[in-house]
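# Understanding the architecture of this molecule
Chain residues, written in single-letter form:
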Amino acid sequence: MAWRSSLEMVGVSDDNYFEDMSSASSETSQTHLERRWALEYFDRVWSIQATFNDYQTIDPEILNDDEPYTQVPNIAADAVIRNGWLGLDYELSTEATYFTRDDNVDGLRVHAEPRLSLPMHYRGLYIKPEVALDYTTYRLKDEAPSENSSPSRAAPIVSIDTGAVLDRMAGKNDRWIMTLEPRAQYTYIPFRDQTDIPVFDTILADFNLIQLYRQNRFIGYDRLGDTSQLSLGITSRLLESETGQEKLTATIGQSQFFDNGKVTLPDEIASSNDSSDYIAELGMKIWQNWNIDLRYQFDTGVNATAKSSVRFQYSPDESKAINVAYRYARESLEQVDFSASWPIGKQWNAIGRYNYSLFEKKALDRFVGLEYESCCWGIRLLARSSVSRKTGRSDSAISFQFLLKGFTSLGSSGASQLERDILGYNGY
């Protein structure tokens, strides 16, 4: 049993504060600032959380109808019992949230989802039949007289998840372990008309390997996507038998749709595709300290690449990393990215990045820097030029950071930003 509380309060008096005072794209690209207080309780069965969420919109181009709702409060209570009566797993998810926003429909949303499943395992094989009931109801204010002020939705969710983890020894003296991990999941959710239900915080999820096996194609409780689909995937791994270190992993997957999903968000067009995109990922330790990661998404609707990326990394130890990457998203993004973190002497470290957009034909972010670290203190000098304005204009800056270990830093924290910019960066 444990209690935990957290508080995050961020606000600015000038909407252009981050554009004027920062050159880090993760800060200058912010459109909203969150104010959040949370109180949480955990024990072996229950997880209960009460939060109050508010946002300051700092992008003047965002219309009032597109601003996030204030949630005062959001109360969620979840319970899980494994291997309970009759060998079943019992789960319960509940949430009650009051949403409010100026000049818009306000209201209370209550969601409850009990779930029963029966996991079964036998010699590397598993099957998990599962049934759930999704129930969501609203009490709305400021609705038009002709609109329903208390819409609700109830629908069953039925799924069967099955797969296997098969392995065999390979190589001289059984040096390697090879695995084959097929997985298939069937999900059925009947259609429910939800056009009278408002959209407070729900979006259509971006498709990826995690989304491949999610039952609801929407993230949020305002929409439950109807479906009859079979999701298929297979993963293979190569591991060193002595250390268990993974040398290669490869995954490919796709969903087949037996019915076209009719449930949509407002202004969204229902898809008529009978299958999802293909998703493929490959991670491999090429040779000694060289690694490669490949990701590919093929759009079956137009028979063209939707997204792809490739990254090479050379990292002989924790303090050294050189990365070369290429990223592509059809009609929106094409970038090359070079980054590095490398010691020069016992206490000095050099860092740098060059991120170039082939789509926009300009550099988005480039910096070089030096770090010095002793037992008790450290310094960081960084020269950076990056796109930090909504207009696409670049800013240049030279920053200096001084750190007393065991205390805190003077100036804004730079390590977390560098960890995002340089894969494998392990600074102070």
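Here is what the cut-offs are and how they apply
- Residues numbered from 1 in each chain as written.
- Predicted model: local features only at pLDDT ≥ 70, side-chain atom pairs only at ≥ 80, totals over all residues.
- Heavy atoms only, no water.
- Phe/Tyr/Trp six-rings, centres within 6.5 Å; stacked < 30°, edge-to-face > 60°.
- Helix = DSSP H or I, 4+ residues; strand = E, 2+ residues; numbered from the N terminus.
- Lys NZ or Arg CZ within 6 Å of the ring centre and 35° of its normal.
- Pairing = 2+ DSSP bridges.
- Core = buried A, V, L, I, M, F, W, Y, C linked by side-chain atoms within 4.5 Å.
- Buried < 20%, exposed > 50% of the residue type's maximum accessible area, 1.4 Å probe, protein only.
- Contact = heavy atoms within 4.5 Å.
- Salt bridge = Lys/Arg side-chain N within 4 Å of Asp/Glu carboxyl O.

Centre distance and the angle of the planes are the two values used to describe a pair of aromatic rings. Taken as a whole, this structure holds 13 aromatic pairs when the rule is applied. Aromatic side chains W290 and Y314 sit 4.8 Å apart centroid to centroid with 35 degrees between the ring planes, which places their arrangement in the tilted category. Here Y314 lies in strand β18 (residues 304–314) and W290 lies in strand β17 (residues 290–299), a separation of 24 residues in the sequence. Measuring from ring centre to ring centre gives 5.0 Å for W348 and Y372, while their planes differ by 55 degrees; the resulting arrangement is tilted. With a gap of 24 residues between them, W348 in strand β21 (residues 348–357) and Y372 in strand β22 (residues 362–373) connect regions that are remote in the sequence. Joined through ring pairs, the aromatic side chains of Y69, F99, Y138 and F200 make up one cluster. Its end group placed over the ring of F191, K262 keeps NZ or CZ at 5.8 Å from the ring centre.

In this section: the pairing of strand β6 (residues 106–117). Relative to β6, strand β5 (residues 89–100) is paired through 11 bridges, and the arrangement is antiparallel. Bridge pairing in β6 links T97 to R109. Hairpin connection between β5 and β6: a loop of five residues separates the two successive antiparallel strands, and D103 in this loop has a positive phi of roughly 60 degrees. With 10 bridges joining them, β6 and strand β8 (residues 125–141) adopt antiparallel strand pairing. Bridging across to β8, G107 finds its partner in L140.

By size, the foremost hydrophobic cluster in this structure holds seven residues: Y69, F99, V105, Y138, L140, I197 and F200. Those residues in contact with Y69 that lie beyond four places of it in its chain are Y55, F99, T100, R101, N104, V105, V199 and F200. Formed by six residues, the second largest nonpolar core is a distinct cluster that contains I351, F367, L382 and I422.

What follows concerns the pattern of salt bridges. Overall, the coordinates contain 29 salt bridges when judged by the stated rule. Residues R115 and E130 are paired through a salt bridge, measuring 2.6 Å at the closest nitrogen-oxygen approach. Linking R115 in strand β6 with E130 in strand β8, this pair joins segments that are 15 residues apart in sequence. Look at E130 and you get buried, because its relative accessible area is 11%. Across the pair R353 and D337 runs a salt bridge, and its minimum N-O distance is 2.6 Å. Here D337 lies in strand β20 (residues 333–343) and R353 lies in strand β21, a separation of 16 residues in the sequence. Accessibility expressed as a relative area gives 12% for R353, which makes it buried. Owing to a relative accessible area of 6%, D337 belongs among the buried residues under this scheme.

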